[in-house]
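Below, each chain spelled out in residue letters.
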Amino acid sequence: MRLKRIQDDFRVFEVLDEESLLGPGPFTLYRVTKRGLTTHEAVDQLAKEANVSRDQVAVAGLKDKDGITGQFMTVEGGKPVQYKDRQLTLRGIGSARRAIESADNRGNSFEIVVRDMEAADMARVRRNIAAVRSCGLPAYFDDQRFGCLRHGQGFIVRQLLRGDHESAVRALLCAPSKYGNEAIEKFKAGISRRWGDWDELASYCRGRRGASLFEHLREEPKDFLGALVRGVATRERTIHLFAYQSHLWNHAAALWVRAVVPEESIGWLPGDDGALPVFRELPPGLLRELHEARLPLFGEGADLSPDAERYYQAVFRSEGVDSDAFRALDISGFRPQGEDRPLLMMPEYLRAAPAERDELHAKRSKMRLRFTLPRGHYATLVAKRLAMPTSADDPPPRLYVSRHRLDFPDKDGRMPDEHEQVRRDDERRWHARRYEQKQERKGGGSRGERPAPGGEGPWKGKPRDDDRRGPRREDDRRPGDRKPSPWVKKTEGGGTRQESPWKGKLRDEDPRRKPSERPAGRPSPWKKKPDGGGSGSGSRPPDKDKPAWGGKWKPREEGDA
């Protein structure tokens, strides 16, 4: 099963009460549709087109970069904008009384295409749809919130709370990522090699990320916290704060679920932040209790119930961090604020369209899922829940989200170890490379590129220096490099004909023939003797005519021609 295989496979549109915003006022409300752009990039483009500063553009929430997403934005002042290109469409709706806020977002409507499905996958999804409609699932934060883990930085806030400020700054600037851009990873490796030499790093990063941070460390070599505040944007620090708050919430919710749900009803979902327990079914009384439970984000102003407080304190003890120190953080971008959040979520209008033929995977099917979620909940989490095995004894499914393989935990919640994941990643890259090489041999270029019927290979007619596969060696054979046969000769008319290399040579000069081991002059025992005497091998004798059918050889007369 595959999610987000292509861009059109994931669509999300913001649900907004437009009537509460529209009216006479200094703001303009825009409907924004984007492809492959982050919300911040769309905000920058809208501010540029409206000729206003970025602070004058307000949004109700952030939307994923992958897929086709629609949301609303308001601009204070500025000129009217009507803009459209391949990635972004900006369309004005009307004037608004005030700037849009997160509270105006009533939820998001999703349409997800699940590809590469077998019959068992489709049957499992339909059974799980019935269970999710009746019971819902825990409102965990999904992998989109934990980019710091996928890219190797870890939780910066946790390192700050433990007092290791230097490790936090170093992880933020130069932690290697296996998913990072090659140029960026090379730049981060250069920072890591020069770490501690602040003068050289200030020169190395001039005009690039980290320049002001290392300028501060050159003046104050031990003030890593001050360098972090000075050299890292507030928006980036806030993203890392939200990631750690989400991590705390997920683990507290997991403890709550495991404490009240019977063990035989527990299932597990994969995630970058670890295995997440969910329930397959719940008794009506327990279901009602969990739907009424609230688990706010931990921070200043959070109203925690006794159960929520108990589970949070257990998480902080396992983290080795003091909860009061976290709540009292007073650094720009690192001030945690409490926010109300239900323990469970109930997808609305959850349904699956009939299966269709998958045009991207031979002999497989695809299925469209449609549902609506409240603000701040994750559609990929719902898709994982629908793909989960229906019983503990079922084999775990194979699931890909975009290019990333997700391995479901076992029935005890144990994720595959790191070595197994590395082995599977290497195997996936090996198969991908073999597929690309196969396409290149066919003349189709890299993955996804196929030549037109009757077309030529990607390197035909190009100079050797233009070959992106690198320099060639003497023994490097590639498609189309066959050497001409030494036995093919050109004719006078320009064509070719095949000639034997031994044509016109005596039999004794032909090295392919072995010399006879029989003594010279000794007749072969297999030669037939015709009636006229002498020996023969069944072929026409040179001094006799061919007899008629059934006739015999007769000697040639002197007058015969």
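All of these numbers come straight from a predicted model, not from anything done at the bench.

**A closer look at the overall build of the protein chain**
Inference 1: When helices and strands are tallied, the protein chain shows 15 helices and 19 strands.
Inference 2: Among the 561 residues that make up the protein chain, the fraction classed as buried is 39%.
Inference 3: A separation threshold of at least 6 residues defines the contact pool for the protein chain, and within that pool the share at least 24 residues apart is 67%.
Inference 4: About 33100 Å² of surface is accessible on the protein chain, with carbon and sulfur atoms providing 48% of the total.

**Considerations on helix α5 (residues 165–174)**
Inference 1: For α5, every residue scored as buried is listed here: A168, V169, A171, L172, L173 and C174.
Inference 2: Buried-residue contacts for α5 involve α4 (156–161), α6 (182–193), α8 (211–219), α9 (224–231) and α10 (234–260).

**Focus: the side chain of D407**
Inference 1: Within the secondary structure, D407 is located in strand β17 (residues 404–407).
Inference 2: Side chain to side chain, D407 and R405 meet in a polar contact 3.1 Å long.

**Describing the packing of aromatic side chains**
Inference 1: The final tally for this structure, using the stated rule, is 18 aromatic pairs.
Inference 2: Ring centres of F10 and F110 lie 6.1 Å apart, and the angle between their planes is 55°; this geometry places the pair in the tilted category. Taken together, the residues span a long stretch of sequence, with F10 in strand β2 (residues 10–16) and F110 in strand β8 (residues 105–117) at a distance of 100 residues. Of the two residues examined, F10 and F110, each falls in the buried class.
Inference 3: Members of the aromatic cluster, each reached through a chain of ring pairs, are F146, F155, Y244, F298, Y312, F316 and F326.
Inference 4: One cation-aromatic arrangement involves R310 over Y311; the distance from NZ or CZ to the ring centre is 4.9 Å.

**Overview of the pairing of β8**
Inference 1: The buried count for β8 comes to 10 of 13 residues, which makes it a mostly enclosed element.
Inference 2: As defined by bridge partners, β8 adjoins strand β15 (residues 365–373) across eight bridges and the pair is classed as antiparallel. The residue bridging E111 from the neighbouring strand is R370, located in β15.

**Considerations on the confidence of the model for the protein chain**
Where the model shows low pLDDT, its predicted coordinates should not be examined in detail.
Inference 1: The pLDDT averaged across the protein chain works out to 81; a share of 77% of its residues lies at or above 70.
Inference 2: Within the model, the stretch residues 445–460 combines pLDDT values under 50 with 25 contacts to residues more than four positions away or in other chains.
Inference 3: Scored below 50 in pLDDT, residues 532–541 makes 15 contacts in the model with residues more than four places away or belonging to other chains.

**Focus: unusual backbone geometry**
Inference 1: The phi dihedral of K4 falls on the positive side, at around 55°, and the residue is not glycine.
Inference 2: One can find K4 in the loop between β1 (2–3) and β2.
Inference 3: A relative accessible area of 11% means that K4 is categorised as buried.
Inference 4: Even without glycine at this site, D116 takes up a positive phi of about 55°.

Calculation notes
Residues numbered from 1 in each chain as written. Predicted model: local features only at pLDDT ≥ 70, side-chain atom pairs only at ≥ 80, totals over all residues. Heavy atoms only, no water. Helix = DSSP H or I, 4+ residues; strand = E, 2+ residues; numbered from the N terminus. Buried < 20%, exposed > 50% of the residue type's maximum accessible area, 1.4 Å probe, protein only. Contact = heavy atoms within 4.5 Å. Areas by Shrake-Rupley, 256 points an atom, 1.4 Å probe, with all protein chains shown as cover. Polar contact = N/O pair within 3.5 Å; in protein donor to acceptor, adjacent residues only side chain to side chain. Phe/Tyr/Trp six-rings, centres within 6.5 Å; stacked < 30°, edge-to-face > 60°. Lys NZ or Arg CZ within 6 Å of the ring centre and 35° of its normal. Pairing = 2+ DSSP bridges. pLDDT = per-residue confidence, 0-100.

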